[in-house]
Amino acid sequence: MTTRVACIGECMMELSERPDGSLLRGYGGDTLNTALYLARLGVAVDYVTALGDDPWSEEMRAAWAAEGIGTDRVRRLPGRMPGLYIIRTDGSGERSFHYWRDSAAARDLFSGPGAAETRAALAGYDLVYASGISLSLYGEDGRAALAETFRAVQAKGGRVAFDTNYRPRGWPDKIKAQEAFRAAMAAADLIFASTEDLEWLYGPEGEAEVLRHRGRCEIVLKGSGSPPAVRVLAGGDDVRVTASPVASVVDTTAAGDSFAAAYMAARLAGQPPAEAARHGHRLAGAVIGHRGAVIPRAAMPALPSHQDD
Ligand code: ADP
């Protein structure tokens, strides 16, 4: 039977401002990047989010479908719109991000009519993936609904993966984020954690917050350094897997998102954790060698199940 993965989160409209002030339209979102790379690696993946009934929402949905991402679980909320951000590049090439997302449709995935159906459907997946950014979308009630959904997934034999993407601006205060991340880590069967995110969030005790779950679940702890290494703790093993140097790092957008996709694809294909981390490094290494989150198909490394090191 095909293993089915659900990625939960938000994809926004992205407008890149050019020097003459005109705007170039794209779209972007961390969990969407992961879904896209999972699909490219041959994994049956659905993106689970909410959009509006406007033309841009439909264009986004169509673009995801064209990438092979399942869109049957995309809820369409009448009269609503997707979130939006503008990327402004200053004279020295430094980029800044500016958001309009408070009323984005994706924030209501776990509220209103249709939410019960989304939750019931999610419980049927083999693997459900969400990030810290996903958590920031839903508010207390939505996060409680998500937590119950995680339990429903696990009750049916499925697994929950959580990636600690932390963006402070998505949270009313740090305490709320700390609590939500703690709960998600405690619920997860697989945690992708970045040392940097954990330190921003919890200070020097950041790593301890995730390491308390060693033994209970699989942990991929991503460190910094160049090239960076990850520490993989799974089933009593604790191994360090260092990335190969990348000749020219062009843009690190989606490095962590693509790493998670290749890691999960390899694990779903039956590869051991350290091997999965190598696949993660290989895809992330290709992604950071190109501009933007999504690399050309021709630049994709081979499928995990067909690779040998
Ligand atoms: P994010 O901040 O998006 O989570 P990370 O900085 O944790 O991304 O990097 C994720 C992965 O991207 C790393 O584990 C590694 O595989 C790859 N990567 C990032 N920077 C480099 C680099 N300088 N050289 C080689 N690989 C890198």
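Note that the coordinates shown come from a computational prediction; the quantities given were computed from them, not determined experimentally. (Residues numbered from 1 in each chain as written. Predicted model: local features only at pLDDT ≥ 70, side-chain atom pairs only at ≥ 80, totals over all residues. Heavy atoms only, no water.)

Undergrad: So what exactly am I meant to see when it comes to the packing of aromatic side chains here?
TA: For any pair of aromatic rings, the description rests on two quantities: the centre-to-centre distance and the angle between the ring planes. Scanning all chains against the criterion turns up 10 aromatic pairs. Plain terms: the ring middles of phenylalanine 110 and tyrosine 138 are 4.9 Å apart, the flat faces sit at 85° to each other, and that makes the pair edge-to-face. With a gap of 28 residues between them, phenylalanine 110 in the loop between strand 7 (95-100) and helix 3 (115-122) and tyrosine 138 in helix 4 (residues 132-155) connect regions that are remote in the sequence. This pair shows no difference in class: phenylalanine 110 is buried, exactly as tyrosine 138 is. When the ring of phenylalanine 192 is compared with that of tyrosine 263, the centres are 5.4 Å apart and the planes differ by 90°; the resulting orientation is edge-to-face. Residue phenylalanine 192 is found in strand 10 (residues 190-194), and its partner tyrosine 263 is found in helix 8 (residues 255-268); the two are separated by 71 residues along the sequence. (Phe/Tyr/Trp six-rings, centres within 6.5 Å; stacked < 30°, edge-to-face > 60°. Helix = DSSP H or I, 4+ residues; strand = E, 2+ residues; numbered from the N terminus. Buried < 20%, exposed > 50% of the residue type's maximum accessible area, 1.4 Å probe, protein only.)

Undergrad: Help me understand the side chain of serine 136 in this model?
TA: Tracing the backbone shows serine 136 in helix 4. Assessed through its relative accessible area of 10%, serine 136 is described here as buried. There is a polar contact of 2.6 Å between the side chain of serine 136 and the backbone oxygen of isoleucine 133. Residues within four places of serine 136 in sequence aside, it is in contact with Arg107, Arg143, Gly170 and Trp171. (Polar contact = N/O pair within 3.5 Å; in protein donor to acceptor, adjacent residues only side chain to side chain. Contact = heavy atoms within 4.5 Å.)

Undergrad: Whenever I open this one, the sheet that holds strand 12 (residues 229-234) confuses me. Can you help?
TA: Either a parallel or an antiparallel arrangement is found when strands of a sheet pair, and the pairing is made through backbone hydrogen bonds. Across the sheet, which stays open at both edges, the 9 strands sit in the order 5-4-1-8-9-10-11-12-13 with mixed pairing between neighbours. Of all strands in the sheet, those bounded by a partner on one side alone are strand 5 (74-76) and strand 13 (237-242). Across the sheet, the mean angle from the axis of one strand to that of its neighbour is 15°, orientation sign disregarded. When strand 9 (residues 159-163) meets strand 10, the two strands line up parallel, connected through 3 bridges. From the neighbouring strand, alanine 161 faces strand 10, where its bridge partner is leucine 190. Helix-sheet contacts for helix 4 involve strand 1 (4-8), strand 8 (127-131) and strand 9, and the interaxial angle to strand 8 is about 160°. (Pairing = 2+ DSSP bridges. Axes fitted to C-alpha atoms, helices over the stretch in contact; angles between N-to-C directions.)

Undergrad: So what exactly am I meant to see when it comes to the site of the ligand here?
TA: For the ligand, the set of nearby residues contains 15 residues, the closest of which are Pro228, Gly256, His281, Ala284 and Ile288. Contact between the ligand and lysine 222: an oxygen atom at 3.5 Å from a side-chain N or O atom of the residue. Taking glycine 256, its main chain carries an N or O atom lying 2.9 Å from an oxygen atom of the ligand. Expressed as a share of its isolated accessible area of 550 Å², the protein-covered part of the ligand is 79%. Counting only elements with at least two residues in the shell around the ligand, the list comes to helix 8 and helix 9 (273-287). At 3 residues, helix 8 tops the list of elements feeding residues into the shell around the ligand. Across the shell around the ligand, the residue classes break down as 10 nonpolar, 4 polar and 1 charged. (Near = heavy atom within 4 Å. Areas by Shrake-Rupley, 256 points an atom, 1.4 Å probe, with all protein chains shown as cover. Nonpolar A, V, L, I, M, F, W, Y, C, P; charged D, E, K, R; others polar.)

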